[in-house]
Amino acid sequence: MNSEKLRTLIKPYLSEELLRQTRIHALDNYFPPHPKRKVFIKRDDELSSSIIGSKLRKYSSLLPYLEKENFDEVLIIGGAHSNNVLSLSQVLKEKRLFFKLMLLEHHNPTLQGNLLWTRMLVNEKNLIWVKRKDWAEVEEKAQEYVEEEKRKGRRVCLISEGAKHQASLPGVLTLPQEIVSDQEKKEREFQHYFIDSGTGLSAIGLILGLQFLEISAHIYISLIAGREKEFESQLENQRRNFSQLFGQDLPSFCPSYSFHRPALATSFGSVNTKVLQETLVVARETGILMDPVYSIKHLCTAKEIIVQKELEGNILFVYSGGSLALAGFQEKLAYFFRSP
Ligand SMILES: *Cc1c(COP(=O)(O)O)cnc(C)c1O
């Protein structure tokens, strides 16, 4: 079996207690009907009620690395409302690993959504706020902190935005491993994949996994944050990381992929009325309370492409988010239900 080959490769790096297989089910009702097309959704939101699924996949190999290296401290960089900051804080607390957060300062005085949940988890004294004007140099600032601690004899592991780390690679490869394993069981192949991208690592995991197994398909990448160039250089980085880590080169075959700007509210983090309206439509049509920051934009982008290109065959939409991000938008969503 193909998926077993990939499983054998990544298994030594994984903490499998963190993950379980997520469902793939039909999602046809949201799309215009087409006799030669079936759309499915991978429910990575179901991996946890409060940790983003695709993040948990990264931690499934990042965490064993952190535990093995026995760092004195972990320093996590991110925005005040970052999904990664909130998600990783939960896992590190559970595992009793000491960490600090280096966060981009925010101006909203009301504590709500992800920042509120993060503050529930992390004591004020373990927060380092960085001014917006200094944010471009946050990596250097964090590196300085690491060096300073080193002089005191303390080892600090730096985790960049979105848990983009070499040690997260085996974890993101669990996604293609699971999907291919599901295909083998159900004898159903996907010709088209839709995945969203922030740092790009999750999408890169999907590309590299299919490349390793020499499975041909097309991957449509919704660029929710970041740019094509960064994605491509990160892909090359992770190819090298793959060869070093697993001691074998990837086959020259590579699945095809393309980049797509979000169909709604293009700039990262922006959620406008259209996005929120679509959040309601998706809830009514599919029964899924989907997060607007990433996944609604991703789903709208997928719909636009599927309709425009008149895609046929089996399509898999990867849903990596969760409902928790909706908490930041309650008032705005309630506005749609006001009496006339
Ligand atoms: C972080 C995140 C992503 C992006 O994942 P990358 O691996 O950084 O590309 C996508 N969707 C959601 C919901 C996320 O939280």
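Reading the values: rules and limits
- Residue positions are given per chain, counted from 1 along the sequence in the order it is written.
- Two thresholds apply to this predicted model, a pLDDT of at least 70 for residue-level local features and 80 or more for giving and counting side-chain atom pairs, whereas whole-chain, interface and lining totals are computed over all residues.
- Processing note: side-chain calculations cover all non-hydrogen atoms of the structure and skip hydrogens and water entirely.
- Neighbouring residues are identified by heavy atoms, a residue being near a molecule or strand if any of them is within 4 Å of it.
- In the analysis that follows, any N or O atom pair within 3.5 Å is treated as a polar contact, provided that within protein one partner can donate a hydrogen and the other can accept it, and provided that, for residues neighboring in sequence, both atoms belong to side chains.
- Methods summary: accessible areas were calculated by the Shrake-Rupley approach with a probe of 1.4 Å, and residue burial reflects only the protein chains presented.
- A 1.4 Å probe rolled over the protein chains alone gives each residue an accessible area, and that area as a share of the maximum for its type sets the label: buried under 20%, exposed over 50%, partly exposed in between.
- By the criteria applied, helices consist of DSSP H or I runs no shorter than four residues and strands consist of E runs no shorter than two, each listed in order from the N terminus.
- By this definition, two strands are paired if DSSP reports at least two bridges between them.
- Salt bridge, as applied in this entry: a Lys or Arg side-chain nitrogen positioned within 4 Å of an Asp or Glu carboxyl oxygen.

## What about the site of the ligand?
Okay, step 1: Taken together, 15 residues form the shell around the ligand, and within it Lys55, Asn83, Gly198, Thr199 and Ser202 come nearest.
Okay, step 2: Interatomic distance of 3.5 Å between a backbone N/O atom of Leu201 and an oxygen atom of the ligand.
Okay, step 3: Between an oxygen atom of the ligand and a side-chain N or O atom of Ser202, the distance comes to 2.7 Å.
Okay, step 4: Isolated, the ligand exposes 380 Å² of accessible area, and the fraction of that covered by the protein chains is 98%.

## As for the pairing of strand 10 (residues 313–319)
Okay, step 1: Burial within strand 10 is extensive, with six of its seven residues counted as buried.
Okay, step 2: Alignment of strand 2 (residues 37–43) against strand 10, held across seven bridges, turns out to be parallel. Note on strand 10: the bridge partner recorded for Ile41 is Phe317.
Okay, step 3: Two strands pair when backbone bridges link them, and strand 7 (residues 192–197) and strand 10 are joined in this way by three bridges, in the parallel orientation. Residue pairing in the sheet places His192 in a bridge with Ile315 of strand 10.

## Some words on the pattern of salt bridges
Okay, step 1: Using the criterion set out here, one finds 20 salt bridges in the structure.
Okay, step 2: Between Glu69 and Arg155 there is a salt bridge, with the nearest N and O atoms lying 3.1 Å from each other. Of this pair, Glu69 sits in helix 2 (residues 53–69) while Arg155 is found in the loop between helix 5 (138–151) and strand 6 (156–159), placing the two residues 86 residues apart along the sequence.
Okay, step 3: Note on Glu69: relative accessible area 29%, which makes it partly exposed.
Okay, step 4: Among the ionic contacts, a cluster of salt bridges with common partners joins Arg23, Arg43, Asp45 and Glu46.

Structural measurements only, silent on function.
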